[in-house]
Amino acid sequence: MKSKKITQLEMAEVLGISKQNFSNKVQRNTFSPDELAKLANSLGMELAFIDKNADIKNGEKFIISGQE
């Protein structure tokens, strides 16, 4: 957010929640996968969930697009 000069209020609006609720989610790390996808999409980023037990070979990765 900082490098893209986006505020917590703007991110909260992406999720349709209050700035305080967004701040709480940041502090507690309680975003749902859907919320993370929306945030990534709004920041022009890709979101990847990688199984910590997975054996990643040749750069394979699983991508969940923030686009619906």
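Scroll up to find the structure.
Residues numbered from 1 in each chain as written. Predicted model: local features only at pLDDT ≥ 70, side-chain atom pairs only at ≥ 80, totals over all residues. Heavy atoms only, no water.

Asker: Looking at this structure, how should I read helix α2 (residues 19–28)?
Answerer: Residue pairs three or four apart in sequence face the same way in an α-helix, which turns once every 3.6 residues. Along α2, the residues that are buried comprise Phe22, Ser23 and Lys25. Seen end-on, α2 carries its buried residues on one side only, within an arc spanning 160°. Residues of α2 that are exposed and angled more than 90 degrees away from the buried face: Gln20, Gln27 and Arg28. If you follow the buried residues of α2, they end up packed against α1 (8–15) and α3 (33–42). Taken from the residues just after α2, Asn29 is the one with a positive phi, measuring 55°. (Buried < 20%, exposed > 50% of the residue type's maximum accessible area, 1.4 Å probe, protein only. Helix = DSSP H or I, 4+ residues; strand = E, 2+ residues; numbered from the N terminus. Arc of directions from axis to C-beta. Contact = heavy atoms within 4.5 Å.)

Asker: Any chance you could explain the packing of α1 against α3 here in plain terms?
Answerer: Helices that pack against each other are described as a pair by the angle of their axes relative to one another and the distance between those axes. Running from N to C, α1 and α3 cross one another at 125°; their axes reach a closest spacing of 9 Å. Overall, the two elements α1 and α3 adopt an arrangement that is oblique. Judged by the twist between their axes, the crossing of α1 over α3 is right-handed. Seen from α1, the contacting residues are Met11, Val14 and Leu15; seen from α3, they are Glu35, Lys38, Leu39 and Ser42. Among the residues forming the contact of α1 with α3, the class breakdown is 4 nonpolar, 1 polar and 2 charged. (Axes fitted to C-alpha atoms, helices over the stretch in contact; angles between N-to-C directions. Parallel < 35°, antiparallel > 145°, perpendicular 65-115°, else oblique. Left-handed = near helix turned anticlockwise from the far one by under 90°. Nonpolar A, V, L, I, M, F, W, Y, C, P; charged D, E, K, R; others polar.)

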